[in-house]
Amino acid sequence: MKDVRTDGQPKRVFIRTYGCQMNVYDSDRMADVLRPLGYALAEGPEQADLVVLNTCHIREHASEKVYSELGRLRAAKTERRAEGRDLTIAVAGCVAQAEGEEIIRRQPAVDIVVGSQAYHRLPELLAQVARKAAGEGAKRAPGAGVLDTEFPPESKFDHLPSPQGIRAGSAFLSIQEGCDKFCTFCVVPYTRGMEYSRPVSAVLAEARQLIEAGALELTLLGQNVNAYHGEGPDGSTWTLARLIRAIGEIPGLARLRYTTSHPRDMDEDLIAAHGDVPQLMPYLHLPVQSGSDRILDAMNRRHDRDLYLRIVDRLRNARADLALSSDFIVGFPGESDADFDDTMRLIQQVGFASVYAFRYSRRPGTPGAALTDQVPENVKVARLAALQALVGQQARAFNESKAGTIVPVLFAEAGRKPGQIMGKTPWLQSVYAQGDPRLFGHIVDVRLIEGYANSLLGEIVVGPYEVAA
Ligand code: SAM
Ligand code: SF4
């Protein structure tokens, strides 16, 4: 049944996404689940009848932002109610999974808390909220939100409608979820559950749908995507490399990426695929977290510095122009100056195109939180600044090295200056050029003029890809 407002207008949902690309994918799928109920997308919370916060629990700061946003939404809900209307508030994602009951206790204005494996049940949860509202009217007790944070026996993927989430020629495709690695700093195994790989046939069907609907680029997603071990049509287990080769054969696909990978799961076939699958883009995000063996061991990363460096060499042998990016955590408990120096040396040795670096954040329930030798915050701040200065130089050098070349750019959105559009190179660099917005979703040859710290300036090469004005 479709939800309509008393004024006959369709209901609107605003979904705010925090955190990683997997959450972006989940938000798109929540929109897909709500569409058959009549929910159109709202531009902001002000226009919405339902607001969903799709949350991230990876660092303390990320979780706390959710509670501040809930405070603002509670005020909006009170105002709406004074006008005789309502605002339904739902919290989804990893904070919902980890702190479900706590959210309802701390913020009674929340109507729904739904975990990352249960959001296909949103229609039923909304119906429960409506039944409660009808039964209890204005007397509805605070803290009466409905909660579904189970890891249901059925896979949500079997209950989701066809995906619609293509933005300017690019789409995410979730192929794997959860993680069994239990790094001692990380909440993912607790919030996303054990490792699960979608069957090959489901992934290929979704890939075909997305490509037919206009995706030129697919990014395969998983918390530990290269641990993929999905069941193939013949009952055998497929690796990520095999899946990539099969997706690469679907006509119409120009670009393929995957993220996030663990060094331990970079097998030979996957490394080889970087050399022989033309659609696989020459950019890989391969988090290492630290360059110190002592810290890698304390983090339970199951790889050392040497293994990481050997994988990088093998990848570069397979694909000479491969650009690498990584995640680093500074100030993990017990990290000494010498350990941090090892991290800086590893960065110098590898040379990264981009890096995401974080101060260690103590996450309740993880083994790292119980360690006694926590690093003082001011030390973490100083180390992060030093690391960012180094990787900033590397990113700029990498961007500058591409100046003067002509590269294909997938244009996606408006640029910063009037008349400018922005797109991505095969190495995931942002390129700004003067161009027509009708180029969004097209791959166009661009001459790169100048490289900066975070982007490049380019000019569109006149040619067959030009869109007539
Ligand atoms: N699966 C990926 C891997 O093995 O590296 C990482 C996924 S995690 C969602 C994304 C990044 O968040 C991690 O690579 C790590 O750098 C960072 N992160 C996770 N837990 C953290 C914590 N407690 N404090 C700071 N950063 C953290
Ligand atoms: Fe978290 Fe990645 Fe480690 Fe899994 S492998 S526990 S997702 S950091």
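If you're wondering where the values come from, they're calculated on a predicted model, not measured in any experiment.

**Some details on the site of ligand 1**
(1) Moving on: The local shell around ligand 1 holds 17 residues, among which Phe 185, Gln 223, Gln 289, Asp 327 and Ser 361 are the closest.
(2) Moving on: Within the side chain of Arg 301, an N or O atom sits 3.0 Å from an oxygen atom of ligand 1.
(3) Moving on: Look at ligand 1: alone it shows 560 Å² of surface, and the protein chains cover 89% of it.
(4) Moving on: Looking at the shell around ligand 1, its residues break down into seven nonpolar, five polar and five charged.

**Remarks on the side chain of Arg 301**
(1) Moving on: Residue placement: Arg 301 occurs in the loop between helix H9 (293–298) and helix H10 (305–318).
(2) Moving on: Among buried Asp, Glu, Lys and Arg side chains, Arg 301 stands out as unpaired, with Asp 327 the closest opposite charge at 7.6 Å.

**Quick word on the site of ligand 2**
(1) Moving on: By nearness alone, every residue bordering ligand 2 is listed as Cys 179, Lys 181, Phe 182, Cys 183, Phe 185, Cys 186, Val 188, Pro 189, His 262 and Arg 301.
(2) Moving on: Class assignment of the residues belonging to the shell around ligand 2 gives a composition of seven nonpolar, one polar and two charged.

**So, the sheet that holds strand E20 (residues 443–451)**
(1) Moving on: Taken together, five strands build a closed barrel; the order of strands is E17-E18-E19-E21-E20 and the barrel is mixed. Direction aside, the axes of adjacent strands within the sheet are offset by 55 degrees on average.
(2) Moving on: Relative to strand E18 (residues 420–424), strand E17 (residues 406–414) runs antiparallel, the two being bridged by four bridges. Paired with Phe 411 across the strands is Gly 423, a residue of E18.

**A few points about the packing of helix H7 (residues 240–248) against helix H8 (residues 268–276)**
(1) Moving on: At a minimum axis distance of 8 Å, the contact between H7 and H8 shows a crossing angle of 25 degrees. Here H8 runs roughly parallel to H7, going by the angle between their axes. Considering how the two elements wind past one another, H7 and H8 form a crossing that is left-handed. Two secondary-structure elements touch here, H7 through Leu 240, Ala 241, Ile 244 and Arg 245 and H8 through Asp 269, Leu 270, Ala 272, Ala 273 and Asp 276.
(2) Moving on: Tallied by class, residues from the contact of H7 with H8 come to six nonpolar, no polar and three charged.

**Observations regarding the sheet that holds strand E3 (residues 50–55)**
(1) Moving on: If you walk across this open sheet you meet the six strands as E2-E1-E3-E4-E5-E6, and the pairing is parallel. Only two strands of the sheet have a single partner each, and these edge strands are strand E2 (40–41) and strand E6 (146–148).
(2) Moving on: Looking at chain direction, strand E5 (residues 112–114) and E6 are connected through three bridges and run parallel. Bridging from a neighbouring strand, Val 113 pairs with Leu 147 of E6.

**Topic: helix H6 (residues 200–212)**
For the α-helix, the turn length of 3.6 residues means that residues three or four positions removed from each other point alike.
(1) Moving on: With 13 residues, H6 should cover 18 Å at 1.5 Å per step; its first-to-last C-alpha distance of 18 Å lies within 8% of that length.
(2) Moving on: Along H6, the residues that are buried comprise Val 200, Val 203, Leu 204, Glu 206, Ala 207, Leu 210 and Ile 211. Down the axis of H6, the sector holding all buried residues measures 165 degrees, keeping them to one side.
(3) Moving on: At the exit of H6 stands Gly 214, carrying a positive phi of roughly 115 degrees.

**Focus: unusual backbone geometry**
Glycine aside, the phi torsion of most residues is negative, and most peptide linkages are trans.
(1) Moving on: A cis amide bond links Thr 259 with the next residue in sequence, Thr 260, at an omega value of 5 degrees.
(2) Moving on: Here Thr 260 shows up in the loop between strand E13 (255–259) and H8.
(3) Moving on: Positive phi outside glycine occurs at Gln 289, with the angle close to 75 degrees.
(4) Moving on: As for its placement among the helices and strands, Gln 289 is situated in the loop between strand E14 (283–285) and H9.
(5) Moving on: For Gln 289, a relative accessible area of 7% puts it in the buried group.

**A word on the state of the cysteines**
(1) Moving on: Inspection of the entire model under this criterion finds zero disulfides.
(2) Moving on: Cys 20 provides the cysteine sulfur closest to Cys 56, a residue in no disulfide bond, and the two sulfurs are 6.4 Å apart.
(3) Moving on: Free cysteine: Cys 94, not disulfide-bonded; nearest cysteine sulfur from Cys 56 at 6.5 Å.
(4) Moving on: We classify Cys 94 as buried; its relative accessible area is 9%.

**Digging into the packing of H10 against helix H11 (residues 337–350)**
Between two packed helices, what matters for the description is the angle formed by their axes and the separation of those axes.
(1) Moving on: At a minimum axis distance of 11 Å, the contact between H10 and H11 shows a crossing angle of 10 degrees. The pairing of H10 with H11 is recorded here as roughly parallel in orientation. Every residue of H11 that contacts H10 at Arg 305, Tyr 308, Leu 309, Val 312 and Arg 316 is listed here: Asp 342, Arg 345, Leu 346, Gln 349 and Val 350.

**Some thoughts on the pairing of E17**
(1) Moving on: Summarising the sheet, E17 and E20 pair through five bridges and their orientation is antiparallel. Each residue of the ladder has a partner; that of Pro 408, found in E20, is Asp 445.
(2) Moving on: Hairpin connection between E17 and E18: a loop of five residues separates the two successive antiparallel strands, and Gly 419 in this loop has a positive phi of roughly 80 degrees.

**Description of the packing of aromatic side chains**
(1) Moving on: Enumeration according to the criterion identifies four aromatic pairs in this entry.
(2) Moving on: Relative to Tyr 196, the ring of Phe 157 has its centre 6.4 Å away and its plane inclined at 10 degrees; by these criteria the two rings are stacked. Residue Phe 157 is located in the loop between E6 and strand E7 (170–174), and its partner Tyr 196 is located in strand E9 (residues 196–197); the two are separated by 39 residues in the primary sequence.
(3) Moving on: On the basis of relative accessibility, which here comes to 9%, the residue Phe 157 falls in the buried class.

Parameters and conventions
- Residues numbered from 1 in each chain as written.
- Chains lettered and ligands numbered in written order.
- Predicted model: local features only at pLDDT ≥ 70, side-chain atom pairs only at ≥ 80, totals over all residues.
- Heavy atoms only, no water.
- Near = heavy atom within 4 Å.
- Polar contact = N/O pair within 3.5 Å; in protein donor to acceptor, adjacent residues only side chain to side chain.
- Areas by Shrake-Rupley, 256 points an atom, 1.4 Å probe, with all protein chains shown as cover.
- Nonpolar A, V, L, I, M, F, W, Y, C, P; charged D, E, K, R; others polar.
- Helix = DSSP H or I, 4+ residues; strand = E, 2+ residues; numbered from the N terminus.
- Buried < 20%, exposed > 50% of the residue type's maximum accessible area, 1.4 Å probe, protein only.
- Lys, Arg positive; Asp, Glu negative; His and termini not counted.
- Salt bridge = Lys/Arg side-chain N within 4 Å of Asp/Glu carboxyl O.
- Pairing = 2+ DSSP bridges.
- Axes fitted to C-alpha atoms, helices over the stretch in contact; angles between N-to-C directions.
- Parallel < 35°, antiparallel > 145°, perpendicular 65-115°, else oblique.
- Left-handed = near helix turned anticlockwise from the far one by under 90°.
- Contact = heavy atoms within 4.5 Å.
- Expected span 1.5 Å × (residues − 1).
- Arc of directions from axis to C-beta.
- Disulfide = S-S within 2.5 Å.
- Phe/Tyr/Trp six-rings, centres within 6.5 Å; stacked < 30°, edge-to-face > 60°.

Geometry only, nothing functional implied.
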